[in-house]
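Structural description and commentary
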Amino acid sequence: KLKYKFTNRTLFGTILILCIFLLFYIQRISMIIAEYSVDSEFIDPNGHLAEYGYYHYAIRALWQNGKNNGRLKLFKELHVGPVTLESHSEFKSEIFEGEKILIHERNLKDTERPKLWKRTLKIVKKESDEISFITTSKMAFFNTLSRKIVVIPQELEKPIFQYS
């Protein structure tokens with residue numbers, strides 16, 4: 001015999017806690033694609049990383065990772081390239097010269113619009129695991145010959161969405 005009476009209220013509470021945990025966990029799923037030590041070139045007169053420095057490190061990591069994992073080669077072979085349609089950035093905390101930073105990437109399909117996907121890049125301070133910068137972009141692929149937006153090529157599904 002069960003000692004604990006299972007009611008609809010406890011079932012609802014359990015499901016709610018599980019959903020909150022899953023949402024938190026899913027938010028954290030991403031791939032670390034690079035690590036850098038911030039150099040003086042991107043430090044502004046206020047003594048912290050300048051706005052363009054955040055973008056520099058995030059986008060540099062993205063293209064270097066693409067070269068290392070074969071994405072750039074696939075882009076060339078398939079005559080496609082990613083294009084940013086819209087971006088939103090949040091600056092969460094300062095970064096200073098010499099700090100070690102990690103760049104995280106996460107890509108999600110837009111299930112309602114097969115030509116679109118969402119890319120999130122985060123800069124995280126290595127020592128404290130504090131998120132310093134998040135940029136989220138609505139992305140698409142375009143054909144480099146016709147210059148038109150195309151459906152995400154099947155060959156790029158796994159390399160792009162492996163950590164979704």
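Notes on the structure follow. Every chain is numbered independently, its residues counted from 1 as its sequence is written. Local features in this predicted model are restricted to residues whose pLDDT is 70 or higher, and side-chain atom pairs enter the listing and the counts only when it is 80 or higher, whereas totals over whole chains, interfaces and linings include all residues. As a rule here, side-chain values cover all heavy atoms of the structure and leave hydrogens and water aside.

Here we look at the overall build of the chain
We count a stretch as a helix when DSSP gives it H or I for four or more residues in a row; a strand needs E for two or more, and each element gets its number in order from the N terminus. Looking only at helices and strands, the chain features 4 helices and 6 strands. In the chain, the succession of helices and strands from N to C terminus is α-β-α-α-β-β-β-β-β-α. Burial statistics for the chain: of 164 residues in total, 37% are counted as buried. Across the chain, every contact between residues at least 6 apart in sequence was considered, and the portion connecting residues at least 24 apart equals 67%. Surface exposure here means Shrake-Rupley accessible area, sampled with a 1.4 Å probe, where a residue is shielded only by the protein chains that are shown. When the accessible surface of the chain is split by element, carbon and sulfur atoms take 57% of a total near 10,900 Å². Residue exposure (1.4 Å probe, protein chains only): buried if accessible area is under 20% of the type maximum, exposed if over 50%, otherwise partly exposed. Contact between two residues is taken to exist if any of their heavy atoms lie within 4.5 Å; hydrogens are not considered.

Points about the pairing of strand β3 (residues 100-109)
When you tally the buried positions in β3, you get 7 out of 10 residues, the bulk of the element. Both β3 and strand β4 (residues 116-125) contribute to a ladder of 9 bridges, which runs antiparallel. Pairing of asparagine 107 across the sheet is with arginine 119, part of β4. The hairpin formed by β3 and β4 contains 6 residues between the paired strands. Being paired, for any two strands, means DSSP has found at least two bridges between them.

Thoughts on the side chain of histidine 48
Mapped onto the secondary structure, histidine 48 falls in the loop between β1 (31-37) and α2 (51-68). A distance of 2.6 Å separates a polar atom in the side chain of histidine 48 from a polar atom in the side chain of glutamate 94. Apart from the residues within four sequence positions on either side, histidine 48 is in contact with Phe42, Ile43, Glu94, Ile95 and Phe96. Two N or O atoms form a polar contact when they lie within 3.5 Å of each other; inside protein one atom must be a possible hydrogen donor and the other a possible acceptor, and for residues adjacent in sequence the pair counts only when both atoms belong to side chains.

Digging into the nonpolar core
Residues enter a nonpolar core if they are buried and are Ala, Val, Leu, Ile, Met, Phe, Trp, Tyr or Cys, with the set joined through side-chain atoms within 4.5 Å. Residues Tyr36, Leu49, Tyr57, Ile95, Ile101, Ile103 and Ile123 are the most contacted members of the largest nonpolar core, which totals 18 residues. Taken together, the elements giving at least two residues each to this core come down to β1, α2, β3 and β4. Of the residues forming this core, the biggest block, 5 residues, is contributed by α2. In this view, isoleucine 101 contacts Ala34, Glu35, Tyr36, Val38, Tyr57, Ile95, Ile123, Val124 and Lys126; residues no more than four positions away in its chain are not counted. Core analysis: the next-biggest nonpolar cluster, separate from the first, contains 9 residues, Val80, Trp117, Ile160 and Phe161 among them.

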